[in-house]
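Each chain, written out:
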Amino acid sequence: MKTRPKIALFQCQWCLYSEPDQCWVDNELPPSIHLIKLPCTGRINPLYILNAIQGGADGIVISGCHPEKCHFKEGNLSALRQHDEFLNFLDYIGYERSRIRFVWLDLQDRGRIQRELADFEAEISKLGKVKNLATRIGTPVGDQYV
Amino acid sequence: MMYILEKKNIDQTLTDWSAKYKVFAPQKVENFSQFLPVEPSSELALDNPHNTRYPPKALFLPQSEALLKYNRQLNKLEELIIAPKPRIIFGIRPCDASAVSLLDTVFHTGEYDDPYWIARRDATILIGMGCKEPCQTCFCTTVGYGPFNHDGLDGLITEVDETYFIEVFTEKGKQLFLDLPVASEDQQRIVKSIQTNAEEKMQPAFDTTNLKQKLDQNFESDYWSKISESCLGCGVCTFLCPTCFCFDIVDEVQRNERVRNWDTCMFKIYSQEASGHNPRPTRVERTRQRIMHKFSYWIDQIGKIGCTGCGRCIRYCPVGLDIRAMLKTASTLESEGINAR
Amino acid sequence: MSEIKVKLKAEIQRLLNEDIMDMVIAFKKEDSPLRPQPAFFKNPDELEDLEYNSLCQNNLATYLTRYPQDTRIGIIVRGCESRSVNALIVEKQHKRENLYMIGIPCHGIIDVRKIINRTGEEISDYSEDQDEVSVLFEGQEVKFPRKEVLHDSCLRCVHPNPVNADILLDDPLPEGDPAVVRQAVESFETMDKDERYALFRHEAERCIRCYACREACPMCYCTECFVDHATPRWSESEISPAGTHAWHIIRAFHLAGRCTSCGACERACPMDIKMTYLTDKLNENMLEEYQFEAGMDDETQPPFASFNLDDKKRFVL
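These numbers were taken from a predicted model, which means no experiment stands behind them.

Chemist: Would you mind showing me how to read the overall build of chain B here?
Modeler: If you tally the helices and strands in chain B, you get 11 helices and 11 strands. Counting the 341 residues in chain B, one finds 58% classified as buried. With an accessible surface of roughly 15100 Å², chain B has 50% of that area assigned to carbon and sulfur atoms. On chain B, the mean spot of the 40 positive side-chain charges and the mean spot of the 45 negative ones are 3 Å from each other.

Here is the structure:
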């Protein structure tokens, strides 16, 4: 891919325990990565993921706390099942599951988010620009029936 | 003036017209037909005994239409002025064409002129295909129209064996057929008798005498809750109806566009007010609205029934509701002498 | 079929005469050809119009959520519909003690459009027996074996027998073979991803957003559907690929673990759009991963309503 792949990063606001890591995400994220900060990964509605995909996200990273270390106790557990199923469903329709990655961060992880994002970007570059489901980009309105 | 076009020449004729016009004709889609632009590879469905499922009003009032575009970088608003290429709609049924001319009274009144509608209407020539056999769901004659009605048309085809006999009513329509042979007196007589025959085949579906008064005076009657009980409240009847025109304008923020879409009074949110109040809170009021609008309020506005009898609402209703049966029951209602409106 | 109708009439009369139920939802005679309609009988003398045959294509459970929970409602249910009613009870949309399910083991619903595709439009005078259906077309009688004109969802039916019905009007039928569902889903899955997406587009982009599928579905009862949200706007209401894709994907997803594969959505659609291939896959996953099938009883919570600490093993950390 010639340009850097567009990546949407859904980040739980509690998962980056080290100050330098959070600062990096807030200030030094490459412009091809769009940050969406949430109070908890449990807040992520499958609609958000679909919205990002339709807007042209070549890849999606969801970063959150470990399932049993959630700031809101069971917040991210309640969404786990839905996310799992939704990703299977998207794969079924033609958006590869490998374009979506979950990163569960632990207390002692330092510098991991940067590594994961770099790794992910390399993977996505290999998969190529997304075509399936990225339909909000540049589609004219309502010319289907006329 | 009546012209003769042999059916075997139709492909060539449409191709010839495509040089200067965008030609639309009914084409095969899945197991039904739809008005689509004619291409060399098109599979025409002119012989389909029905009208298309999706109504041709979409060719004048598209289901979704962008009105304005906003450019965030330049902080500018761009009006989307439409300048449609001249078009021919070929094979439209008289019920759909008379619906277009009914909608002219909404979108082109002199006082309220919709530039989008007018631009498309002015750029279009409508050549209709008359109906020799009624379908089980047709009732155009009951509401004041007919299988060979001229309203809204520039020309009308009567099919006789392998030939199309085309009557033209306007200059716009005439110029398409000037190279064709003209029908003789005898041929014109045959065509006229086929048309009269077709009209006679249609039985009245319900009694329209005093129908408006009966509906008005029974506004609060429990007749409405009886007929609307199985209605699902979907948009099938309104979206497939050639005379329904309600629309909603939405700002699609993610697209930076202001879009006009078809709307339907059958949805609850249609009449939902910002305060939370809904003047049509249940199915009963909403179904009543649909029937009153078509068979009473349209008459208040322009003196005609707002329905052309195409039958799509009957054919495609998921629960098998039949507006003819509803109105047959309505025509038996007593005029209570109380004007509830 | 006609013996069932006789038994049905007697049962409905009993429910209304003895004031066991306030109302019974069943079907009545057609107004337009081959379209029997849902009917709401409140009086035992209204039953002249009662109808029951394989053309009765609506899932009547969709009407339950319109009435307050203290309304006593009798309802005809075939296999899939009884499961829809049970699923509604699990979601607390009605009380079991105020419902009376009249169960009819189902031989399948006839897809009128399949008949029309074979004969031509303008058919009338339908009749049926165990093996065959016949209609009149252009004055001639045309017959079809039932299997050839059954609705697609009925061809894949696993549970034709009503679950938890209060009374059964016929002998139970043998259960269907889940392998048929597996085969249908597999034939889609084995295509490569671009072919799958192309098929999805081909179907979804015919959509005119009439929401007949949503209204016909008993499980779509939200007072505010996600498509009606204005802020934030998740699904464009316009006819554009993004909007219609989002509609079909998210509606199917919201039905995961709730859909009973009745096919009412496909039958309601005026544009003949296929959708059950989406929900069938999700239902299969629910069965495989969580051993859950919607509506098989009226107590078990669906998988998405709960979680388990073992779930984390499924995710790659």
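From this point, the discussion proceeds with the structure in view.
Chemist: Please clarify how the overall build of chain A should be interpreted in this entry.
Modeler: Helix and strand counts for chain A stand at four helices and four strands. For chain A, the succession of helices and strands along the chain, N to C, is β-α-β-α-β-α-β-α. For chain A, whose C-alpha radius of gyration is 16 Å, the value lies close to the compact-globule estimate of 15 Å for 146 residues. Viewed in the frame of its principal axes, chain A has a C-alpha envelope of about 55 × 35 × 25 Å. Long-range pairs, those at least 24 residues apart, make up 78% of the contacts in chain A with a sequence separation of at least 6. Averaging the coordinates of the 18 positive side-chain charges in chain A and doing the same for the 18 negative ones gives two points 3 Å apart.

Chemist: How do you make sense of empty space enclosed by the protein when you look at a structure like this?
Modeler: Where empty space is left becomes clear once a probe the size of a water molecule has been rolled over the atoms. Residue and element names in this part refer to chain B. Summed over the entire model, instances satisfying the criterion amount to 15 cavities of 30 Å³ or more. Quantified by volume, the largest cavity comes out at close to 220 Å³. Forming the walls of the largest cavity are 18 residues, and the residues nearest its centre are C237, R290, C317, L321 and M326. Of all the secondary-structure elements, those providing two or more residues to the lining of the largest cavity are helix 8 (236-240), helix 9 (283-302) and helix 11 (323-330). The leading source of residues in the lining of the largest cavity is helix 9, at three residues.

Chemist: Honestly, the layout of surface pockets in this entry has me stumped. Any pointers?
Modeler: What the largest pocket holds in volume is close to 1100 Å³. Surrounding the largest pocket, 40 residues form its lining, E215(C), C220(C), Y221(C), C222(C) and T223(C) being those nearest its centre. Counting only elements with at least two residues in the lining of the largest pocket, the list comes to helix 7 (223-228) and helix 9 of chain B together with helix 8 (212-216) and helix 9 (241-254) of chain C. A per-element tally of the lining of the largest pocket places helix 9 of chain B first, with three residues. Taken together, the residues of the lining of the largest pocket sort by class into 18 nonpolar, 11 polar and 11 charged. Reported here for the second largest pocket is a volume of approximately 970 Å³. Along the walls of the second largest pocket sit 43 residues, with C154(C), R156(C), C157(C), V158(C) and H159(C) positioned nearest its centre. Those elements that provide at least two residues to the lining of the second largest pocket are helix 2 (79-90), helix 4 (146-149), helix 5 (152-155), helix 6 (178-189) and helix 11 (276-290) of chain C. Ranked by the residues each element gives to the lining of the second largest pocket, the list is headed by helix 11 of chain C, at six residues.

Chemist: Help me understand the state of the cysteines, please; the structure alone is not making it clear to me.
Modeler: By definition, a disulfide links the sulfur atoms of two cysteines through a covalent bond. Applying the stated criterion across every chain yields a total of zero disulfides over all chains. No disulfide involves C95(B); its sulfur sits 5.4 Å from that of C310(B), the nearest cysteine. Free of any disulfide, C157(C) has its nearest cysteine sulfur in C80(C), 6.4 Å distant. Given the relative accessible area of 31%, C157(C) is considered partly exposed.

Chemist: Can you help me understand the confidence of the model for chain A in this one?
Modeler: Do not read the predicted coordinates in detail wherever pLDDT is low. Of the residues in chain A, 92% have a pLDDT of 70 or more, and the chain-wide mean is 85. Within the model, the stretch residues 142-146 of chain A combines pLDDT values under 50 with 21 contacts to residues more than four positions away or in other chains.

Chemist: Explanation requested: the environment of L16(A) in the structure shown.
Modeler: Residue and element names in this part refer to chain A. Following the sequence through the fold, L16 ends up in the loop between strand 1 (7-12) and helix 1 (19-27). Put simply, L16 and K126 are 110 residues apart on the chain and 28 Å apart in space, counted from C-alpha to C-alpha. Apart from the residues within four sequence positions on either side, L16 is in contact with Q11, D21, Q22, V25, L105 and I113.

Chemist: What should I look at first to understand the packing of aromatic side chains in this one?
Modeler: The geometry of an aromatic ring pair is captured by the separation of the ring centres together with the interplanar angle, meaning the angle of the planes. On inspection of all chains with the given rule, the structure shows 25 aromatic pairs over all chains. Ring geometry for F86(A) and F253(C): centres 4.9 Å apart, planes at 70°, overall edge-to-face. One end of the pair, F86(A), is in helix 3 (residues 75-93); the other, F253(C), is in helix 9, on a second chain. Like F86(A), the residue F253(C) is buried in the burial classification. Judged by centre distance (5.6 Å) and plane angle (45°), the rings of F60(B) and W117(B) are tilted. On the criterion of sequence distance, the pair formed by F60(B) in the loop between strand 3 (32-37) and strand 4 (64-71) and W117(B) in helix 3 (residues 115-122) is long-range, its members being 57 residues apart. Of the two residues examined, F60(B) and W117(B), each falls in the buried class. Through pairs of rings, three or more aromatic residues link up here, namely F60(B), F107(B), W117(B), F245(B), F247(B) and W298(B).

Chemist: Any chance you could explain the sheet that holds strand 8 (residues 167-168) of chain C here in plain terms?
Modeler: The pairing of strands in a sheet happens through backbone hydrogen bonds and is either parallel or antiparallel. All names here are of chain C. Strand order in the open sheet formed by five strands is 2-1-3-4-8, and the pairing between neighbours is mixed. With one partner strand each, in any of the chains shown, strand 2 (37-41) and strand 8 form the two edges of the open sheet. Note: strand 1 (residues 23-28) against strand 2, five bridges, orientation antiparallel. By the bridge assignment, K28 is partnered in strand 2 with Q37.

Chemist: Mind showing me how you'd approach the packing of helix 3 of chain A against helix 7 (residues 193-204) of chain C here?
Modeler: Any two packed helices are characterised by how steeply their axes cross, that is the angle between the axes, and by the distance between the axes. Across the interface, helix 3 of chain A lies against helix 7 of chain C with an axial gap of 7 Å and an inter-helix angle of 90°. Viewed along their axes, helix 3 of chain A and helix 7 of chain C adopt a mutual orientation that is roughly perpendicular. Here helix 3 of chain A contributes D91(A), Y92(A) and I93(A) to the contact with helix 7 of chain C, which in turn contributes K193(C), R196(C), Y197(C) and F200(C). For the contact of helix 3 of chain A with helix 7 of chain C, the per-class residue count stands at four nonpolar, no polar and three charged.

Chemist: Quick question: what am I supposed to make of the interface of chain C and chain B here?
Modeler: Each partner contributes to the interface: chain C provides 42 residues, whereas chain B provides 45 residues. Contact between chain C and chain B buries roughly 3600 Å² in total, counting both sides, with carbon and sulfur atoms accounting for 47%. Run the count over chain C and chain B and you get seven salt bridges. Across the pair R255(B) and E236(C) runs a salt bridge whose closest N-O atoms are separated by 3.0 Å. Summed over the shared surface of chain C and chain B, the number is 25 residue pairs in polar contact (both at pLDDT 80 or more). Mapped onto the side of chain C that touches chain B, the elements with two or more residues apiece are strand 2, helix 3 (112-119), strand 5 (123-128) and helix 8 of chain C.

Chemist: Before we go on, may I ask you to explain the sheet that holds strand 5 (residues 76-79) of chain B in this structure?
Modeler: Residues and elements named next belong to chain B. Pairing within the open sheet is antiparallel, and its four strands lie in the order 5-4-11-10. Each having just a single partner strand, strand 5 and strand 10 (247-252) make up the two edges of the open sheet. Each adjacent strand pair in this sheet contributes to an overall mean axis angle of 20°, direction not counted. Note: strand 4 against strand 5, four bridges, orientation antiparallel. Among the inter-strand pairings, N71 is bridged to a residue of strand 5, identified as K76.

How each quantity is defined
Residues numbered from 1 in each chain as written. Chains lettered and ligands numbered in written order. Predicted model: local features only at pLDDT ≥ 70, side-chain atom pairs only at ≥ 80, totals over all residues. Heavy atoms only, no water. Helix = DSSP H or I, 4+ residues; strand = E, 2+ residues; numbered from the N terminus. Buried < 20%, exposed > 50% of the residue type's maximum accessible area, 1.4 Å probe, protein only. Areas by Shrake-Rupley, 256 points an atom, 1.4 Å probe, with all protein chains shown as cover. Lys, Arg positive; Asp, Glu negative; His and termini not counted. Charge placed at Lys NZ, Arg CZ, Asp CG, Glu CD. Rg over C-alpha atoms; globule rule 2.2 N^0.38 Å. Contact = heavy atoms within 4.5 Å. 1 Å grid on protein atoms, 1.4 Å probe; cavity = no way out; pocket = protein on both sides within 12 Å on 5 of 7 lines; lining within 4 Å. Points joined across faces, edges and corners; volume = space filled by probe spheres on them. Nonpolar A, V, L, I, M, F, W, Y, C, P; charged D, E, K, R; others polar. Disulfide = S-S within 2.5 Å. pLDDT = per-residue confidence, 0-100. Phe/Tyr/Trp six-rings, centres within 6.5 Å; stacked < 30°, edge-to-face > 60°. Pairing = 2+ DSSP bridges. Axes fitted to C-alpha atoms, helices over the stretch in contact; angles between N-to-C directions. Parallel < 35°, antiparallel > 145°, perpendicular 65-115°, else oblique. Buried area = accessible area lost by both parts, 1.4 Å probe. Salt bridge = Lys/Arg side-chain N within 4 Å of Asp/Glu carboxyl O. Polar contact = N/O pair within 3.5 Å; in protein donor to acceptor, adjacent residues only side chain to side chain.

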